[in-house]
Structure formats: C-alpha cells, structure tokens
Amino acid sequence: MLPRFVTAFLKSSGDKGVVVMEHDGAHRVVVVDREALYEISSPPRADESRLQQSVGAICEIATAKILKDGRSSHSRIAVSASDVAAWKLERSKLH
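A short tour of the structure in this document, coming up. As the structure is a prediction and not an experimental result, all values here were calculated from the model.

Pairing between side chains becomes possible if they bear opposite charge and their charged atoms approach one another. Counted under the stated rule, the structure contains seven salt bridges. For Asp-83, the salt bridge identified is with Lys-65, shortest N-O distance 2.9 Å. Note that Asp-83 is positioned in helix 4 (residues 81-94) and Lys-65 in helix 3 (residues 55-68), a separation of 18 residues in sequence. Owing to a relative accessible area of 24%, Lys-65 belongs among the partly exposed residues under this scheme.

Next up, the structure:
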C-alpha cells in the first residue's frame, strides 16, 4: 500500500516544515528544510501557506523515499532542496 498524507505544518521556529504520512500502519515524519520550501515554490517563499500549497509535491518526493528506503518505519524522512530539484527534473522529463 502506498503512503498516505495525514497532516502538514510549519514548525513554530519557521525553519522547517513537517509532514506526517501513514505507511504500513505507522506514522512517518517527513522533515522539509527551509531551502526545500524555497526550491519548491514560485516565487520562493518558506511559510505555512507555501507548505500547504506544496504538500502534494512533498508527498510525492517523500513517497518515493519511503518506498526506496529500507530503514525502520519509525525513522524520519528528510526532504532537501536537492530532492526537490531532482523531483522537478524528473517531472520535466515526463512532460
């Protein structure tokens, strides 16, 4: 079964976004760094509304990492600016 989105929020410090996904009965925490939020949004902005607008793309990136990752179902998944750039490149090849 594919991971599914549960919730997303910006940490109170504003330096990271957090997305919670469910996979195989466990919640997976996806940490999205500030640079990834800048990379994914146009124009670049790292705030709560931009995180919410980008949650679909973040979930796609996280799903690929979760399915490829052999680590514990309780380990965190990190989404960086380089992950977003690679995702954008893959999408551009498909269109």
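There's more to say after this.
The next thing to look at is the pairing of strand 2 (residues 16-23). Consecutive side chains of a regular strand alternate in pointing toward one face of the sheet and then the other. Where burial is concerned, most of strand 2 is hidden: six out of the eight residues are buried. Taken together, the six bridges between strand 1 (residues 4-10) and strand 2 define a ladder with antiparallel strand orientation. By the bridge assignment, Thr-7 is partnered in strand 2 with Val-20. Connecting the antiparallel pair strand 1 and strand 2 is a turn made up of five residues, with Gly-14 showing a positive phi of about 80°. The sheet contact formed by strand 2 and strand 3 (residues 26-33) spans eight bridges and is antiparallel. Looking at strand 3, one finds that Val-19 is bridged to Val-30. Counting the residues between successive antiparallel strands, the hairpin from strand 2 to strand 3 contains two residues, one of them, Asp-24, with a positive phi of roughly 55°.

Attention now moves to the sheet that holds strand 4 (residues 77-79). Strand order in the open sheet made by the four strands is 1-2-3-4, with mixed pairing throughout. The sheet is open, and its two borders are formed by strand 1 and strand 4, each paired with just one other strand. Going from strand to strand, the sheet's axes swing by 25° on average, the running direction of each strand aside. Against the sheet, helix 3 makes contact with strand 1, strand 2, strand 3 and strand 4, and its axis sits at roughly 55° relative to strand 2, the strand it touches most.

Right, let's get into the environment of Phe-5. Within the secondary structure, Phe-5 sits in strand 1. For the pair Phe-5 and Gly-56, spaced 51 residues apart in the sequence, the C-alpha separation amounts to 8.7 Å. Sequence-distant contacts of Phe-5, that is, excluding residues within four places in its chain, are made with Val-19, Val-20, Met-21, Val-55 and Cys-59.

A word on the layout of surface pockets. Here the largest pocket is characterised by a volume of approximately 180 Å³. Forming the boundary of the largest pocket are Glu-60, Ile-61, Ala-64, Lys-65, Lys-68, Asp-83, Trp-87, Glu-90, Arg-91 and Leu-94. Within the residue set of the lining of the largest pocket, elements represented by two or more residues are helix 3 and helix 4. The residue inventory of the lining of the largest pocket, partitioned by class, reads four nonpolar, no polar and six charged.

Criteria and thresholds
Throughout, residues of each chain are indexed from 1 in the direction in which the sequence is written. Where totals are concerned, whole chains, interfaces and linings use all residues; where local detail is concerned, this predicted model gives features only for residues with pLDDT of at least 70, and gives and counts side-chain atom pairs only at 80 or more. Side-chain figures throughout are based on the complete set of non-hydrogen atoms in the structure, without hydrogens or water. The term salt bridge refers to a pairing of a side-chain nitrogen on Lys or Arg with a carboxyl oxygen on Asp or Glu at a separation within 4 Å. Per the convention used, a helix needs a DSSP run of H or I reaching at least four residues, while a strand needs a run of E reaching at least two, with both numbered from the N terminus. Throughout, exposure labels follow a simple rule: accessible area from a 1.4 Å probe, protein chains only, divided by the maximum for the residue type, with under 20% read as buried, over 50% as exposed, and the rest as partly exposed. When DSSP finds two or more bridges between two strands, those strands count as paired. Here, axes are lines fitted to C-alpha atoms. For helices the fit covers the stretch in contact, and angles between N-to-C directions go from 0 to 180 degrees. Here, residues are in contact when the closest pair of their heavy atoms is within 4.5 Å. Both cavities and pockets are sets of points on a 1 Å grid over the protein atoms alone; in a cavity a 1.4 Å probe fits but cannot get out, in a pocket the set is open with protein on both sides within 12 Å along at least five of seven lines, and lining residues sit with an atom within 4 Å of a point. Grid points are joined across faces, edges and corners, and a volume is the space filled by probe spheres set on the points. Each residue receives one of three labels: charged for Asp, Glu, Lys and Arg, nonpolar for Ala, Val, Leu, Ile, Met, Phe, Trp, Tyr, Cys and Pro, and polar for the others, Gly being one of them.

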